[in-house]
Amino acid sequence: MTSADGAELLLGRHGHVMIARLNRPAARNALTRTMIDELGAALIAAEADPTVRALLLTGAGEHVFCTGTDPRAFTAGADFLTGPHYAAFVRLTMGRHSIPVIGAANGTAVNGGLELLLGSDVIIASATAKFGFPETARGLSPGSGNASIGIKIALGPAVSLLLSGELITAEQAHRIGLVATVTAPDEVFETALALAETMAAAPLDPDPVDEPARATRTDTARDTRRLSYWQSVIGTETDVSSTQSFLEERKPRREDR
């Protein structure tokens, strides 16, 4: 990872994959204003850079991905709820991004940490991780999590997870479709990175492939508009060249696009 010592968010690159690692393990990777702004800035940078084709989110340490916002970091008020970086952070948590995002849950993700993870397209989880909104058992609102969890999984499990305040295991999260894969703790990052690399290496522009699927879940009005646009793209010269590569039984190249 390439970042200054003591940085709260470590940014790095692995080929076409940008890696963002929450870096407050002693504080269970709880989010500060700085982390929120830097996560938003990272998403903006990733979306603007044509060489970045996937974003991987993970946390430092072996036991916790993120426990949510650090209450000590917000005692001065809510003036952090402004600006383009915060707006991009919100898009990230709501899954409204234009590149694939893979979440590597190296450990437990609860409250706002789970909300951040829910913005990922795919979640790879450690077998020891747990997930939930324990804040609701203390009478606190889950923020945007009550919308995000309902997008990700079926209504029944979503409501149960929200209202009970109980934590579920990685295997339970897998059974209800919250996470895609459960791995040994020491294999989470490599498994997620391998998936991110596979996505990044796809010869297709990811936007017309994954954006309609994501928008169906996160923004139905936008989905209707954008689906019409992407349907108009089908049959263009780039699609013809890719079809030709298929007929020639060769792997499509980036130049075909």
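Small disclaimer: the values here were computed from a predicted structure and weren't measured.

**A word on the overall build of the protein chain**
Inference 1: Scanning the protein chain for helices and strands turns up ten helices and ten strands.
Inference 2: For the protein chain, the proportion of its 257 residues judged to be buried stands at 44%.
Inference 3: Counted over contacts in the protein chain with a minimum sequence separation of 6, partners at least 24 positions apart contribute 68%.
Inference 4: With an accessible surface of roughly 12600 Å², the protein chain has 57% of that area assigned to carbon and sulfur atoms.

**Examining a nonpolar patch on the surface**
Inference 1: Among the surface-exposed residues, Leu-155, Val-159 and Leu-163 lie close enough to one another that they form a single nonpolar patch of about 330 Å² accessible area.
Inference 2: Its location among the elements puts Val-159 in helix H5 (residues 155-164).

**Looking at the side chain of Thr-93**
Inference 1: Structurally, Thr-93 is set in helix H2 (residues 84-94).
Inference 2: Taking the relative accessible area as the measure of exposure, Thr-93 reaches 7% and is therefore buried.
Inference 3: Reaching out from Thr-93, the side chain makes a polar contact with the backbone oxygen of Val-90 at a distance of 2.8 Å.

**What to know about the sheet that holds strand S6 (residues 108-110)**
Inference 1: Taken in spatial order, the four strands line up as S4-S6-S8-S9 in an open sheet, and their pairing is mixed. Either end of the sheet is taken by a strand with one partner, and the two such strands are strand S4 (64-66) and strand S9 (167-169). Strand-to-strand twist of the sheet, defined as the mean angle between neighbouring strand axes without regard to direction, takes the value 25°.
Inference 2: As paired elements, strand S8 (residues 130-132) and S9 share three bridges and run antiparallel to each other. Its bridge partner lying in S9, Phe-131 is registered against Ile-168.

**Let's talk about the sheet that holds strand S1 (residues 9-14)**
Inference 1: Spatial ordering of the open sheet is given by S1-S2-S3-S5-S7-S10, a layout of six strands whose pairing is mixed. If you trace the sheet from one side to the other, it starts and ends with S1 and strand S10 (181-183), each paired once. If you compare each strand with its neighbour and ignore which way they point, the axes differ by 20° on average.
Inference 2: As defined by bridge partners, strand S2 (residues 17-22) adjoins strand S3 (residues 54-59) across six bridges and the pair is classed as parallel. Bridge pairing in S3 links Met-18 to Leu-55.
Inference 3: Strands S1, S2 and S3 of the sheet are contacted by helix H1 (residues 33-48), whose axis makes an angle of about 175° with S2.
Inference 4: The strands touched by helix H7 (residues 188-201) are S1, S2, S3, strand S5 (101-105), strand S7 (122-126) and S10; relative to S7, the strand with the most contacts, the crossing angle is about 160°.

**Quick look at H1**
Inference 1: Compared with an ideal rise of 1.5 Å per residue, which puts 16 residues at 22 Å, H1 spans 23 Å between its outermost C-alpha atoms and is within 8% of the ideal.
Inference 2: Three or more residues of H1 are buried, namely Met-35, Ile-36, Leu-39, Gly-40, Ala-42, Leu-43 and Ala-46. Buried residues of H1, seen end-on, are gathered within an arc of 155° and therefore sit on one face of the element.
Inference 3: Of the surrounding elements, those touching the buried residues of H1 are S1, S2, S3, H2 and helix H3 (112-118).

**Focus on the environment of Tyr-86**
Inference 1: Along the chain, the position of Tyr-86 falls in helix H2.
Inference 2: Distance in space between the C-alpha atoms of Tyr-86 and Arg-33 is 9.0 Å, their sequence separation being 53 residues.

**Focus on the nonpolar core**
Inference 1: Counting residues in each nonpolar core, the largest one holds 43 residues, and the members touching the most others are Leu-22, Leu-39, Leu-55, Phe-131, Ile-149 and Leu-178.
Inference 2: Ranked by residues supplied to this core, first place goes to H1 with six residues.
Inference 3: Every residue in contact with Leu-178, bar those within four places of it in the chain, is listed here: Leu-114, Leu-118, Ile-123, Phe-131, Ile-149, Ile-153, Ile-168 and Ala-173.
Inference 4: Ranked by size, the runner-up nonpolar core spans 13 residues in total, among them Val-17, Ala-54, Ile-102 and Leu-193.

**Describing the pairing of S5**
Side chains on a regular strand alternate between the two faces of the sheet.
Inference 1: Across the five residues of S5, five count as buried, placing the element largely inside the fold.
Inference 2: Because side chains alternate across S5, one face comprises the buried residues Val-101, Gly-103 and Ala-105, and the other comprises Ile-102 and Ala-104, equally buried.
Inference 3: With three bridges connecting them, S3 and S5 associate as parallel partners. From the neighbouring strand, Leu-57 faces S5, where its bridge partner is Gly-103.
Inference 4: Direction of pairing for S5 relative to S7: parallel, over a ladder of four bridges. For Gly-103, the partnering residue across the bridge sits in S7 and is Ile-123.

Rules used throughout
- Residues numbered from 1 in each chain as written.
- Predicted model: local features only at pLDDT ≥ 70, side-chain atom pairs only at ≥ 80, totals over all residues.
- Heavy atoms only, no water.
- Helix = DSSP H or I, 4+ residues; strand = E, 2+ residues; numbered from the N terminus.
- Buried < 20%, exposed > 50% of the residue type's maximum accessible area, 1.4 Å probe, protein only.
- Contact = heavy atoms within 4.5 Å.
- Areas by Shrake-Rupley, 256 points an atom, 1.4 Å probe, with all protein chains shown as cover.
- Patch = residues over 30% accessible without salt bridge, like charges linked within 9 Å, V, L, I, M, F, W, Y side chains within 5 Å.
- Salt bridge = Lys/Arg side-chain N within 4 Å of Asp/Glu carboxyl O.
- Polar contact = N/O pair within 3.5 Å; in protein donor to acceptor, adjacent residues only side chain to side chain.
- Pairing = 2+ DSSP bridges.
- Axes fitted to C-alpha atoms, helices over the stretch in contact; angles between N-to-C directions.
- Expected span 1.5 Å × (residues − 1).
- Arc of directions from axis to C-beta.
- Core = buried A, V, L, I, M, F, W, Y, C linked by side-chain atoms within 4.5 Å.

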